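Given next are the chains, with one letter for each unit.
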Amino acid sequence: MNAFKPYPLRDDFTLKNRLVMAPMTTYSSQDDFHVSEEELHYYKLRSKTMGMVIIAATSINDQAQAFDKQITLKSDDYIPSMARLAKAIKEEGAKAIVQLHHGGRMNNPTLYENKEDIVSASAVPAPREGMVTPRALTEEEIHQTIEDFAQATRRSIEAGYDGVELHGANTYLLQQFFSPHSNRRTDAFGGSLTKRMHFIDMLIDRVNEVIKHDATEPFILGYRFSPEEIEDPGITLNDTLALVDMLKDKPLDYLHISLGKYDQSSMRDQTDQEPIAQKIQTVLKRKIPFIGVGKIETRESIDHALSLGYDLVASGMPILVDPNWGETIQLNQPIKTVMPDTLPKPLYDRLAKYRERFQQSGYEFPVEND
Ligand SMILES: Cc1cc2nc3c(=O)[nH]c(=O)nc-3n(C[C@H](O)[C@H](O)[C@H](O)COP(=O)(O)O)c2cc1C
């Protein structure tokens, strides 16, 4: 497999290569949540060498916002500025995908005057400092939330994107419905493993319905998930294999895992050394293209990732450092220094707080903008 050759994600949808820009929140929208000029510049620079760019988590309604200055598609008002972003990415030859997001109990409480607007599957707070006890969504509100995802999908189509990714990873709302930690419901949406998948199952069907109805060009649907939680109770790998087994028969065009390291094995069971990617493929059986992520930084790691069962490789931190990551890696050159001018200022400031993480990966992080 050559990562730098075109890859048909679907018969009618070919990427120019297998490289994906991982979704990354920029904390840099305008104050009214419209896409900023800085964000346009940041994405445009990074789209040239990538097959597909998945943009930052994009909130789908008023209760979905998890971060300061997070872009949104919560109403039609946001279609024009999101359309400018789609155009900027597509002009550079990459496919443009929106990551649709609801933060649920992980929403930053300081963004909400009324704490009743912080909602989740059940009234169980996230085991993190500063998080509040969320309000459990009623069944009616669950249906409305699914509809809000559906309307955000319609807006993504109208804004000219090539697809949407449902953000079911990193502890946010969709994962909260799947997790036995955050979902203690006893109705149709909780109580058993199958019922914990019900929200996700319904959501995919409804979003697919909108795509079938509204899209006039090929429009893809992806799903991102985190395979394990460390909490007890929490999502186990066996839970995730059951989820993947369900997802493989859904109208999805790709699955996207979220991992710190693409070849990692179970966090919960240290005796199990088999890479999670391989385990997933035993169930997925290559029915849907599979995106890997997590410290894929060299040509060797790309080849290794593809050999483990991934079809596409996503880059987060490396492409923050090097906007031309795709080309740099193809030429097998080292990535070196973070370039402040290529990052929106609020994102740069946030990343600067985690400077050591970049340095641990061998990147220099200049201090002049501090
Ligand atoms: C600044 C930053 C923001 C991120 N925001 C998101 C996000 O909005 N949605 C998401 O699914 N993952 C998000 N992630 C996780 C990345 O998509 C990716 O999985 C992670 O950085 C690991 O890949 P890497 O080792 O190539 O950086 C974010 C990561 C970073 C560093």
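A quick note: this is a predicted structure, and the numbers were derived from the prediction, not measured.

S.K.: Explain the environment of Ser47 to me, please; I cannot follow it from the model alone.
M.R.: As for its placement among the helices and strands, Ser47 is situated in helix α1 (residues 37-47). Given a relative accessible area of 0%, Ser47 falls into the buried group. Separated by 142 residues in sequence, Ser47 and Phe189 place their C-alpha atoms 39 Å apart. Discounting residues that sit within four places of it in the chain, Ser47 has contacts with Lys16, Val53, Ile89, Glu92 and Ala94. At 2.6 Å, the side chain of Ser47 and the backbone oxygen of Tyr43 are in polar contact.

S.K.: Explain the site of the ligand here, please?
M.R.: Among the 17 residues in the neighbourhood of the ligand, the closest are listed as Thr25, Arg224, Lys295, Gly316 and Met317. Taking Asn170, its side chain carries an N or O atom lying 3.3 Å from a nitrogen atom of the ligand. Contacts to the ligand include Met317, whose backbone N or O atom sits 2.7 Å from an oxygen atom. Burial of the ligand by the protein chains amounts to 82% of its free accessible area of 610 Å². Class assignment of the residues belonging to the shell around the ligand gives a composition of eight nonpolar, seven polar and two charged.

S.K.: Whenever I open this one, the nonpolar core confuses me. Can you help?
M.R.: Proteins that are soluble and globular tend to have nonpolar side chains buried together. Residues Ile55, Tyr161, Leu166, Tyr223 and Ile302 are the most contacted members of the largest nonpolar core, which totals 106 residues. Among the elements that take part in this core, helix α6 (residues 198-214) stands out by supplying seven residues, more than any other. Once residues lying within four places of it in the same chain are set aside, the contact partners of Leu166 are Leu100, Phe149, Leu174, Leu203, Ile204, Val207, Leu221, Gly222, Tyr223 and Arg224. In this structure, Ile97, Ile220, Tyr254 and Val293 belong to the second largest nonpolar core, which totals 15 residues.

S.K.: Before we go on, may I ask you to explain the pattern of salt bridges in this structure?
M.R.: When the charged atoms of two side chains with opposite charge come close together, those side chains can pair. Scanning the entire structure with this criterion turns up 29 salt bridges. When the shortest N-O distance is used, the salt bridge between Lys44 and Glu92 registers 2.9 Å. Of this pair, Lys44 sits in helix α1 while Glu92 is found in the loop between α2 (79-91) and β5 (95-101), placing the two residues 48 residues apart along the sequence. Judged by relative accessible area, Lys44 falls into the partly exposed class, the value being 30%. In the salt-bridge network here, residues are joined through shared partners; they are Lys44, Lys87, Glu91 and Glu92.

Definitions and cut-offs
Residues numbered from 1 in each chain as written. Predicted model: local features only at pLDDT ≥ 70, side-chain atom pairs only at ≥ 80, totals over all residues. Heavy atoms only, no water. Helix = DSSP H or I, 4+ residues; strand = E, 2+ residues; numbered from the N terminus. Buried < 20%, exposed > 50% of the residue type's maximum accessible area, 1.4 Å probe, protein only. Contact = heavy atoms within 4.5 Å. Polar contact = N/O pair within 3.5 Å; in protein donor to acceptor, adjacent residues only side chain to side chain. Near = heavy atom within 4 Å. Areas by Shrake-Rupley, 256 points an atom, 1.4 Å probe, with all protein chains shown as cover. Nonpolar A, V, L, I, M, F, W, Y, C, P; charged D, E, K, R; others polar. Core = buried A, V, L, I, M, F, W, Y, C linked by side-chain atoms within 4.5 Å. Salt bridge = Lys/Arg side-chain N within 4 Å of Asp/Glu carboxyl O.

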